[in-house]
Amino acid sequence: MNQPELTITPSAVVITPGHEVLMEASPYGVDKKKLGMWIFIVSDACTFGAFLFAYGYMRIGTPVWGTPFGFSSIVNGMVMTAVLLSSSLTMLAAVRASQSRAKASANKWLGVTMFLGTVFAALHLREWFKLIGEGWRLFYNPTGGAPQFGATFFSVTGLHLTHVVTGVIALAIIARGYTQGRYDESHVETAGLYWHFVDLVWMFVFPLMYLMNAH
Amino acid sequence: MEKTFASARRAKTLFWGEIMAETSAHGAAHHAPPQGFISKYILSVDHKVIGIQYTILSLVAAFVGMALSWAMRIHLAWPDVHIPLLGMLAPNGAPGGQMTPEYYLSLMTMHGTIMAFFVLTAAPFAGFGNFMLPIQVGAADMAFPRLNRASFWVTFVGFLLACATFVIPDGPPLSGWTAYAPLSAVGAVAGPGQGWGQNLWGLSVAVFCIASLLGALNFIVTVLDLRTKGMKLSRLPLSTWGWFIDAWVSLLAFAVLLPTCLLLVLDRLGGTSFFIPGGLVFNDQLQPHSGGSPLLFQHLFWFFGHPEVYIIILPAFGIVSHILPTFIRKPLVGGWKVITFSEIGVGTLSFVVWGHHMFVSGMSPYMAMVFSVPTLFITIPSVIAVLVWVFSLYGSNIRFDTPMLFSLGFISLFISGGIGGFFLAQPSTDSYLHATTFVVGHFHFTMGLSAIFATFAGFYYWFSKMFGRMMNEKLGKWHFWLSFVGVYCVFMTMHLTGFAGAVRRYSAFVDDFMIPLIPANRFISVAALLLGATQFVFLYNAIWSFFKGPKAPDNPWGATTLEWDTTSPPPFDNFGGRQMIVHHGPMEYDGEASVMQTSAEASVAGT
Amino acid sequence: MPGKAFAVVVVIITLATAYCVMAHVWWMPADISVHGPRIDHQIEETVLVAGLLFVAGQVVLAAFAFLYGGARDKPKQIPGGAKPLVIFAFAIVGTEILALSSIGSKAWGAVYFEAPDPSAMHIDVQAGQFAYYFRYAGPDGKFGALHPELINEGNQNFFGLDPDRDPDAKDDIITAELAIPVNKPVLLTLHSKDVGHSFDVRELRVQQDFVPGLNIPLHFTATQTGRFEIVCTQLCGLGHYNMKAYLSVLKAADFDEWLKRQAAMQ
């Protein structure tokens, strides 16, 4: 408080409209949207990780777990996997197209990705309804094994399904904005990052929840 | 009709227009100053307004949390006393003003929940961090201003949900802020407050998790991508380093608390048995659950819960490290590197020690040894940090303004709290001290009071920058002295009664060995009430100074970082259109002389 | 001036705390178990080590606040800078930690890593909101099976035994008080009826949570007769503060008589 008042350092450069603001380079060389999406992915991975930890903890500690998935369920699961992997490929095509400013092509590939995502969700829900029809619930195992199967299966796959559906909606919003010129290729790329993450999570969920529970 | 569409279109244009403005350049947000009361003060995307909103929220939460603790302490010291106000507010919980045992536990649960989340995680991080971080790195705002606004309002909703537990007939839950299953998971059969109270609690915490995750994301991207020219990472102010490291810990820890709450809610409402084993009987009724594990809840909760206490303390480390050089007029020993790498060490190790909350929990005793080792090792970076602060005082020219006094208080309290940790980190000694008031004293010193003292230091330090007026020094000093003595009276005594085995979370003292400890508990209660009264000195000072305090100069403390190189309060875009270029680190102090980070002059300090 | 005042206040607080701890103003009761001395020794070691660090830290803080107030000479850094501090932290604190860990592991191991004595007396302990019940196997030496669905507090069937159909359960002895013979190893099996509870006897230096779904073994040998409190330390609901039982450590003959009396009351 005894310090003589320091004046604001004079700056020769004033920021004017159109004048690029001088900043330090981003250490990862990515724009902030993409960095933000990466950070979100790290956190979401921890969330999925916690669910899978709970699944592992329960499964290892339970003598009779129950393995409800027969041949048709596994085939369905493999088709779902193929659909989701393909959707990642089409998403990649959309990103490449947007980077080359091929707007129509990018929109086309975005549309295909959304379609494949919807197919995945539909197949998933079909699987769910089949299980529910057989008596499976969050809290009930019709084969007499641990009720935790339903709890872990529906909650983990449900969380993933939520991410897929949210992703499809997000892609729709991005596609609309991209068409109207409000969004550019960086938005498409950021959305693509999310989509690839959702696909990656499935590559963990499918073996852990389906293949390990096949009979 | 036409008018409605027109105004809707205008609103849409404004909203989407904002996005357009933000997509230019690789980071800077070029939005125009808001107009109108709602845009300026309520739905603002300006990080400064949001920071103040968080600060006010945590102030309100702090007084609510404190009031809860006063009610608790009155009941403990004078169990037969009737508290008329309490009787009016809670006719079920305190009929005729006399607190029931279950209501004591409910108040205790909400005291912990509100303080840990809405005060300690909010104020030093979201409050000051939001206001200061963008300015300290030389940016015009956070990386994602609208996400920032969402973070605050989601936090606010979380707080409302927590407060809602008080107004429902069955009252707040009584399972503690730790909400162990199956007490928290089986539903209303477990006791009063365990019906809708616990559901609302779970929702409140889950909502808070989401808000925290969004906030952490914003902080990280802002520090990495929005630094102005010359603001290399090695020149970041130490408070920014604290917030940055804290944001990473927050990101990973809250990401695990969220599913924990979701699984708990599923057990309660969805009939699942994640945490509920078979064979449980309440009121002679067998519960329809089986196969779950209470220890799973503890693992998931404490995997978050231990990093949480470091989430609370790391901003405090940063704030004190930032404030000290200003008032000792020299850089910290070891420069920015030693203290920052200690913080990184503490933050990283915090993820591998959670089992020390579970030594006697029924977890494998071998795991107890496994967790004990890193728990003891985390002492090392903490000790390094303390040594840096203490030995920076050597040979300095200390100015004992209120922010400095609170910083010194912080150091003393953190030493005291940390020492208690030695006892609790070893399973053999913890087997006696677990669940005693020793633990209560320990965590109040470390995460409660140290963090609060650092927050007060930050408040007195930055008030002038945030509001353009100086706080009253004399009142500030009174606040410090009374608080410092008060907190030791309350919480050091708890360490001592803990050695006698006094059990925590008891609403009354009926055990033979607890009776002789009643005088000590009365002393604690009296000290706690006086301590609480002292906080009104602070509140009065803050409110009075906001309206009538002497106008603040731009740099009253003679500090060097970017927030002091702008007006008090800063203009809308933080720097009045100036291009900020950084030439120096944040600790260019040499007695009377100092060099601002943005100054083109030569360095003064040999950092 | 404020610096000197701060120093004085900190030193007073430090000395007062140190005094209260050293003089055992509020302290642990005398221990009555075989493994107790090891835990007590560990606590004393920790008091010494932690206490020294506490006093040193606060006194140095106080000294610097006292000495360096106001502007006199140009500020100077401590000779050596941060290096000696980092070395001190790693070396001294690191050594202390290793010492405490390795010695402490033996104290911990005495309770948990050693198998119970084969001749230990088995007692089944059930915790529920808000009481403890204890079960002795009776003359046949076998515990009856537990059926939670049969638990009926009104009929005093606390454990859910089925004595009519289960011969092992017929002679089980249920008590509200835990009595054990002195100097004889005892093995408790802890299980919970409803939520988490804890078994804490300060004098025995034993604290172990009850975890619903688990049967947790806990063994010890009491070395002194007397009456001691068992208190619940794991938050279990509104009656948590009131949940307690008594542990009676009796001479062998007294214990046999007590058990006979309890058996007659079943």
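Thresholds, definitions, all that
Residues numbered from 1 in each chain as written. Chains lettered and ligands numbered in written order. Predicted model: local features only at pLDDT ≥ 70, side-chain atom pairs only at ≥ 80, totals over all residues. Heavy atoms only, no water. Helix = DSSP H or I, 4+ residues; strand = E, 2+ residues; numbered from the N terminus. Buried < 20%, exposed > 50% of the residue type's maximum accessible area, 1.4 Å probe, protein only. Contact = heavy atoms within 4.5 Å. Areas by Shrake-Rupley, 256 points an atom, 1.4 Å probe, with all protein chains shown as cover. Lys, Arg positive; Asp, Glu negative; His and termini not counted. Charge placed at Lys NZ, Arg CZ, Asp CG, Glu CD. Pairing = 2+ DSSP bridges. Axes fitted to C-alpha atoms, helices over the stretch in contact; angles between N-to-C directions. Phe/Tyr/Trp six-rings, centres within 6.5 Å; stacked < 30°, edge-to-face > 60°. Lys NZ or Arg CZ within 6 Å of the ring centre and 35° of its normal.

A.B. asks: Now, about the overall build of chain B: what can you tell me, with residues and values included?
C.D. replies: From N to C terminus, chain B includes 17 helices and 4 strands. Dimensions along the principal axes, computed over C-alpha positions, put chain B at roughly 75 × 75 × 50 Å. Per-residue burial for chain B yields a buried fraction of 71% across its 607 residues. Partitioning the contacts of chain B with sequence separation of at least 6, the portion at a separation of at least 24 is 78%. Total accessible area on chain B stands at roughly 17,600 Å², and carbon and sulfur atoms take up 72% of it. Across chain B, 28 positive and 27 negative side-chain charges occur, with their mean positions spaced 9 Å apart.

A.B. asks: So what's going on with the sheet that holds strand 1 (residues 121–128) of chain C? Which residues, and what values?
C.D. replies: Residue and element names in this part refer to chain C. The 5 strands are arranged 3-2-1-5-8 in an open sheet whose pairing can be described as mixed. The open sheet has two edge strands with one neighbour each: strand 3 (173–175) and strand 8 (216–221). Sheet twist, expressed as the mean angle between neighbouring strand axes with direction ignored, is 25°. Bridge count for strand 1 against strand 5 (residues 185–192) is 7 bridges, and the pairing is parallel. Each residue of the ladder has a partner; that of His122, found in strand 5, is Leu187. Strands in contact with helix 5 (residues 252–264) are strand 1, strand 2 (131–136) and strand 3; relative to strand 3, the strand with the most contacts, it is inclined by about 100°.

A.B. asks: Quick one: what's the story with the packing of aromatic side chains, residue by residue and with numbers?
C.D. replies: Here the structure, examined in full by the defined rule, presents 94 aromatic pairs over all chains. With a centroid separation of 6.3 Å and 50° between ring planes, the pair formed by Phe274 of chain B and Phe275 of chain B is classed as tilted. Each member of the pair, Phe274 of chain B as well as Phe275 of chain B, carries the same accessibility label: buried. Taking the ring centre of Tyr183 of chain A as reference, the NZ or CZ of Arg182 of chain A above it sits at 5.4 Å. Here Arg227 of chain C stacks its cationic end above the ring of Tyr246 of chain C, 4.1 Å away from the centre of that ring.

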